[in-house]
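Observations on the three-dimensional arrangement
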Amino acid sequence: MMESLVVFLSIAGLALGANTACLTVDQIVDMVFFEADTDMDNNLSMQEFSATLENNWGITPGGAGLSISEFTNLWVIHYHDSHPTAHDFAVNLDINNDKRITDVDMNMYAGIYDANPMDGQFSKEEFLTFMHAVHPDPHNAGGHGCH
Ligand SMILES: [Ca+2]
Ligand SMILES: [Ca+2]
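This section reports on the structure supplied with the text.

Criteria and thresholds
- Residues numbered from 1 in each chain as written.
- Chains lettered and ligands numbered in written order.
- Predicted model: local features only at pLDDT ≥ 70, side-chain atom pairs only at ≥ 80, totals over all residues.
- Helix = DSSP H or I, 4+ residues; strand = E, 2+ residues; numbered from the N terminus.
- Buried ≥ 20, exposed ≤ 12 C-beta atoms within 10 Å, placed from the backbone.
- Contact = placed C-beta atoms within 7 Å.
- Core = buried A, V, L, I, M, F, W, Y, C linked by C-beta atoms within 7 Å.
- Axes fitted to C-alpha atoms, helices over the stretch in contact; angles between N-to-C directions.
- Parallel < 35°, antiparallel > 145°, perpendicular 65-115°, else oblique.
- Left-handed = near helix turned anticlockwise from the far one by under 90°.
- Nonpolar A, V, L, I, M, F, W, Y, C, P; charged D, E, K, R; others polar.
- Expected span 1.5 Å × (residues − 1).
- Arc of directions from axis to C-beta.

**Some details on the overall build of the protein**
For the protein, the count of helices and strands is seven helices and four strands. Each helix and strand of the protein, ordered N terminal to C terminal, gives the series α-α-β-α-β-α-α-β-α-β-α. Evaluated residue by residue, the protein yields a buried proportion of 28% over its 147 residues. Restricting to contacts in the protein with at least 6 residues of sequence separation, those with at least 24 account for 56%.

What follows is the structure, encoded as structure tokens:
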């Protein structure tokens, strides 16, 4: 609990402290887990994943989800990527290519990346693999644009 709080505060400090502070993909994943891993077992159950999608992003089962630009704008506010980086991320997330980010996309990605083991939850390692694969950030730290 304390450890997560300290991680979060240091990340929040980074995010708020300076416009030039980029979050790495690893730091974004830490933030996602801080917000979404409500039982703090370092795994995102699909219930936890669905709850954060619904509460933070308005992505509900069977719902309309977000347009690419809506998702991009929300992502920039949350995680301080540059607009082009966030936009490319949104386009990659739209795996069924219907120009919307919906639970269909999220479920497809969960099906791909909940793989090691396939146990109905995202370990942090699985989520990192997912984010590194889908986020346009080159794999080196701080390598992407931010605002
Ligand atoms: Ca959990
Ligand atoms: Ca889609």
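So, next bit.
**Describing the nonpolar core**
Counting residues in hydrophobic clusters, the biggest one holds 24 residues, and the most contacted among them are Ile28, Val29, Trp75 and Ala90. Looking at which element gives the most residues to this core, the answer is helix 2 (residues 25-36), with five residues. Contacts of Ile28, omitting those with residues within four sequence positions, involve Leu23, Tyr79 and Met131.

**Let's talk about the packing of helix 2 against helix 7 (residues 124-134)**
Their axes nearest at 10 Å, the elements helix 2 and helix 7 cross at an angle of 130°. Judged on the interaxial angle alone, helix 7 and helix 2 are oblique. Relative to helix 7, helix 2 is oriented so that their crossing is right-handed. For the pair helix 2 and helix 7, the contacting residues are Val25, Asp26, Ile28, Val29 and Phe33 in the first and Lys124, Phe127, Leu128, Met131 and His132 in the second. Considering only residue class, the contact of helix 2 with helix 7 consists of seven nonpolar, one polar and two charged.

**Side note on unusual backbone geometry**
Residue Asn116 is joined to Pro117 through a cis peptide bond whose omega torsion reads 0°. With respect to the helices and strands, Pro117 occurs in the loop between helix 6 (103-113) and strand 4 (121-123). Notably, Asn42 is not glycine yet its phi reads approximately 65°, a positive angle. With respect to the helices and strands, Asn42 occurs in the loop between helix 2 and strand 1 (43-45). Using a count of 13 C-beta atoms within 10 Å as the deciding quantity, one classes Asn42 as partly exposed. One non-glycine residue, Asn97, lies in positive phi territory at about 60°.

**Topic: helix 3 (residues 46-57)**
Its twelve residues place the ends of helix 3 15 Å apart at the C-alpha level, agreeing with the 16 Å of an ideal helix rising 1.5 Å per residue. With its phi angle positive at about 70°, Gly58 sits one or two positions after the end of helix 3.

**A closer look at the environment of Leu93**
Its location among the elements puts Leu93 in helix 5 (residues 83-93). The sequence separation of Leu93 and Tyr109 amounts to 16 residues, and the corresponding C-alpha distance is 8.2 Å. Filtering out sequence-adjacent residues up to four positions away, Leu93 remains in contact with Ile101, Asp105 and Val134.

**Side note on helix 5**
For helix 5, the full list of buried residues reads Thr85, Ala86, Phe89 and Ala90. In a view along the axis of helix 5, the buried residues occupy a sector of 135°, so they form one face of it.

**What about the environment of Asn56?**
Within the secondary structure, Asn56 sits in helix 3. Taking the C-alpha atoms as reference points, Asn56 and Ala36, 20 residues apart in sequence, are found 9.5 Å from one another.

Geometric descriptors of this kind do not, in isolation, establish any biological role.
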